[in-house]
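Each chain is listed here by its residues.
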Amino acid sequence: MPIFSDHKAPTPEESTGEMDATIHASNSNSNNFNSSITNNPIFRKLNNLRIVCGDIVNDHHVQLGIIVLIIINAIMMGVATFDFVSENPKVDSAFEKTDLAFLIIFTIELGMQLIYHGWTLFKDGWLVFDFIIVVLSWSFASLQIIRAFRIFRALRIITRIETMRNLVAALFDIMPRLGAITALLLLIFYIFAVLFTQLFGELELSAPYFSSLDNSLLTLFVMMTMEWADVARECMDQIWWAWAPFIAFIMITGFIVFNLIIAVVCDAVAVIENKDDLEPDLFSGMLDNGSKDEGGEGYGEAGPQDQLEGTIVGSDEALVDDLAQRISFVLDSQKEMLATLELLTRDTLVPSLPAEE
């Protein structure tokens, strides 16, 4: 029985060739599978339906109509609080049916967005916000207490106007700084709440302003809005020096910490106003007709972001060219200066020949 077999081991070139053939076969099978799916008439119909839904729901006029409906719905919710609506069953029923019609329209609009974006809808924070508002509106429609929160549906107008969206985004960007100021304010509130409770907790006042820690916190919050004179005078009628802690609290919170919050918010607003790509028109931020699909191939003209990027690239190239010309001019001037200095140095150091008699 032979110990060694006559089978010859493959060379590295043959192994590489076999691997390439395997990879090529795998890629061809994958391409065939993808092409079979793409050529499937059902898949093509679904894709066409998705594109049509995107064209309709992201149309400029449709988005403007959704804004108008949101505003009308919010106004009707406010009108429904009057007695002539709540005390008249027929009018109240008409308002309820109208509100249900608005909710159905908003649900259809959200459903078309879901068909167009698919699961990537949940990657967009603004669309997720719309989704949560609509789902909660349906979930708590039967609860009378929760139905009062339907007015939050008006917040969906923020997702339709770019100026508002950028303002909210800027406010979220300054949350770290705002959080630090809020933590400082809470610390000051707690210190003064304990102080006022111990100093004025046993005084007989017109209301239990400082009888407990929670009442003191509420009173201090009201005092921060500059409604503190009446409380301070009541305390001063019994303790003459009571004005001192009141003045200290107002100076720290009303004139320092509160103004810090205003300064941070104004800084965020200034950042928004200095952006060149924001349009001054209130309704200019609605979704453009040339929205792009998931595959990255757009249908329609290039959006404002693409135009802005092209402008930035062009301006950068012009700036580089101008800088190169300036550097070339400086180098030429430097060469001329060196030549002049060399000539002057030569004339100064070399002694001139004596004049012949």
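## A few points about the confidence of the model for the protein
And then number 1: Per-chain confidence: the protein averages 75 in pLDDT, with 71% of residues scoring 70 or above.
And then number 2: Averaged pLDDT values for the elements of the protein fall to 53 in helix 1 (residues 12-38) and rise to 91 in helix 10 (residues 213-224).

## A look at the environment of Ala270
And then number 1: Structurally, the position occupied by Ala270 is in helix 12 (residues 243-273).
And then number 2: Sequence separation of Ala270 and Ala170 is 100 residues, and the distance between their C-alpha atoms is 9.8 Å.

## Thoughts on empty space enclosed by the protein
And then number 1: One pass over the full model with this rule turns up one cavity of 30 Å³ or more.
And then number 2: Here the largest cavity is characterised by a volume of approximately 30 Å³.
And then number 3: Contributing to the lining of the largest cavity are Ile70, Asn73, Ala74, Met77, Phe106, Arg150, Ile151, Arg153 and Ala154.
And then number 4: At four residues, the largest contribution of residues to the lining of the largest cavity is made by helix 3 (residues 60-79).
And then number 5: Its residues placed into classes, the lining of the largest cavity shows six nonpolar, one polar and two charged.

## A word on the packing of aromatic side chains
And then number 1: Per the counting criterion, the structure on display carries 15 aromatic pairs.
And then number 2: Note on Phe189 and Phe249: the rings are 5.6 Å apart at their centroids and 75 degrees apart in plane angle, and the pair reads as edge-to-face. Residue Phe189 is found in helix 9 (residues 175-200), and its partner Phe249 is found in helix 12; the two are separated by 60 residues along the sequence.
And then number 3: Phe189 sits in the buried class, given a relative accessible area of 9%.
And then number 4: On the numbers, 5.0 Å between centres and 85 degrees between planes, the contact of Phe196 with Phe246 is edge-to-face. Of this pair, Phe196 sits in helix 9 while Phe246 is found in helix 12, placing the two residues 50 residues apart along the sequence.
And then number 5: Feature note: the residues Phe189, Phe192, Phe196, Phe200, Tyr209, Phe210, Trp241, Phe246 and Phe249 constitute an aromatic cluster, connected by ring pairs.

## Things to note about helix 10
And then number 1: If you check helix 10, its first and last C-alpha atoms are 16 Å apart, about what twelve residues at 1.5 Å a residue would give, namely 16 Å.
And then number 2: Positive phi appears at Met226, one or two residues downstream of helix 10, with a value of about 75 degrees.

## Focus: the nonpolar core
And then number 1: If you look at the biggest cluster of nonpolar residues, it comprises 28 residues, and the most contacted ones within it are Phe196, Phe200, Phe210, Leu220, Met223 and Phe246.
And then number 2: When residues of this core are traced back to their parent elements, those giving at least two are helix 9, helix 10, helix 11 (229-236) and helix 12.
And then number 3: A per-element tally of this core places helix 9 first, with nine residues.
And then number 4: Beyond its immediate chain neighbours, meaning those up to four positions away, Met223 contacts Phe196, Phe210, Trp228, Phe246, Phe249 and Ile250.
And then number 5: If you look at the next biggest cluster of nonpolar residues, it comprises ten residues, including Ile67, Ile70, Val134 and Ile161.

## Brief notes about the side chain of Asp99
And then number 1: With respect to the element layout, Asp99 can be found in helix 5 (residues 89-117).
And then number 2: Among the residues examined, Asp99 registers a relative accessible area of 10% and is labelled buried.
And then number 3: Those residues in contact with Asp99, other than ones at most four positions away along the chain, are Asn73, Met77, Arg150 and Arg153.

Calculation notes
- Residues numbered from 1 in each chain as written.
- Predicted model: local features only at pLDDT ≥ 70, side-chain atom pairs only at ≥ 80, totals over all residues.
- Heavy atoms only, no water.
- pLDDT = per-residue confidence, 0-100.
- Helix = DSSP H or I, 4+ residues; strand = E, 2+ residues; numbered from the N terminus.
- 1 Å grid on protein atoms, 1.4 Å probe; cavity = no way out; pocket = protein on both sides within 12 Å on 5 of 7 lines; lining within 4 Å.
- Points joined across faces, edges and corners; volume = space filled by probe spheres on them.
- Nonpolar A, V, L, I, M, F, W, Y, C, P; charged D, E, K, R; others polar.
- Phe/Tyr/Trp six-rings, centres within 6.5 Å; stacked < 30°, edge-to-face > 60°.
- Buried < 20%, exposed > 50% of the residue type's maximum accessible area, 1.4 Å probe, protein only.
- Expected span 1.5 Å × (residues − 1).
- Core = buried A, V, L, I, M, F, W, Y, C linked by side-chain atoms within 4.5 Å.
- Contact = heavy atoms within 4.5 Å.

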